[in-house]
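Spelled out, the chains give:
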Amino acid sequence: MARDDERLRILKMIEAGQITAEQGLELLKALQGAEAAQGGSVPPARWLRIRVTDATTGRQRVHVTIPLSLADLGLRISGRFLSGISGGQLQEVLEGLRKGGIGKLVEVVDEEEGERVEITVE
C-alpha cells in the first residue's frame, strides 16, 4: 500500500511540474527496483524533504518530498536546484542517510543567490 502512495506522489510531482516525465519514469523504475530488492516487504515510511527558500522574503522556491528509498536518485535530480551545495556536500548527505539519520542533515545559506537550502529526513 505504501508503494502505491509513493507512485501517486511521483505522478503528482510530474503533474505539478516539479519534475519532468523522464525524471518521473526514472523514479518509478527505481521504486520498482527497490520493491524487487526488498522482496515486497515495506519499510516504515521515511521521507527526504528538500526546501529552497528566498533568504530575504522567506518564500519557498522549491519544496520536494521524496521517499527515502529514492534519495540517491532524487538528490541527483534536484541537484540542479541546489546551487548552494557542492557535490561533496551531497555525498555527505547521502552518507548521513545511509547511516539512518533523522532530522536536519544540511542547511546552507547562499548569500549571492539569496537562497536558503534545507535538507531533512522525516
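Before reading on, note that the structure itself is shown above.
Everything numeric here is computed off the predicted structure, so don't read it as measured data. (Residues numbered from 1 in each chain as written. Predicted model: local features only at pLDDT ≥ 70, side-chain atom pairs only at ≥ 80, totals over all residues. Heavy atoms only, no water.)

**Q** Would you take a moment to explain the overall build of the protein for this structure?
**A** In terms of helices and strands, the protein carries 4 helices and 4 strands. The order of helices and strands in the protein, counted from the N terminus, is α-α-β-β-α-α-β-β. Among the 122 residues that make up the protein, the fraction classed as buried is 39%. Carbon and sulfur atoms provide 51% of the accessible area of the protein, an area that totals close to 7,100 Å². (Helix = DSSP H or I, 4+ residues; strand = E, 2+ residues; numbered from the N terminus. Buried < 20%, exposed > 50% of the residue type's maximum accessible area, 1.4 Å probe, protein only. Areas by Shrake-Rupley, 256 points an atom, 1.4 Å probe, with all protein chains shown as cover.)

**Q** Sorry if this is basic, but what is going on with the environment of Ile-102 here?
**A** Tracing the backbone shows Ile-102 in the loop between helix H4 (87-98) and strand E3 (103-110). Judged by relative accessible area, which is 66%, Ile-102 ranks as exposed. As for Ile-102 and Arg-46, which are separated by 56 residues in sequence, their C-alpha atoms are 8.9 Å apart. Residues in contact with Ile-102, not counting those within four places in the same chain, are Arg-46 and Val-121. (Contact = heavy atoms within 4.5 Å.)

**Q** How do you make sense of the pairing of strand E2 (residues 60-67) when you look at a structure like this?
**A** Successive side chains on a regular strand alternate, one facing one side of the sheet and the next facing the other. Sheet topology places strand E1 (residues 47-54) next to E2; 7 bridges connect them, and they run antiparallel. Residue pairing for E2: Val-52 is matched across the bridge by Val-62. (Pairing = 2+ DSSP bridges.)

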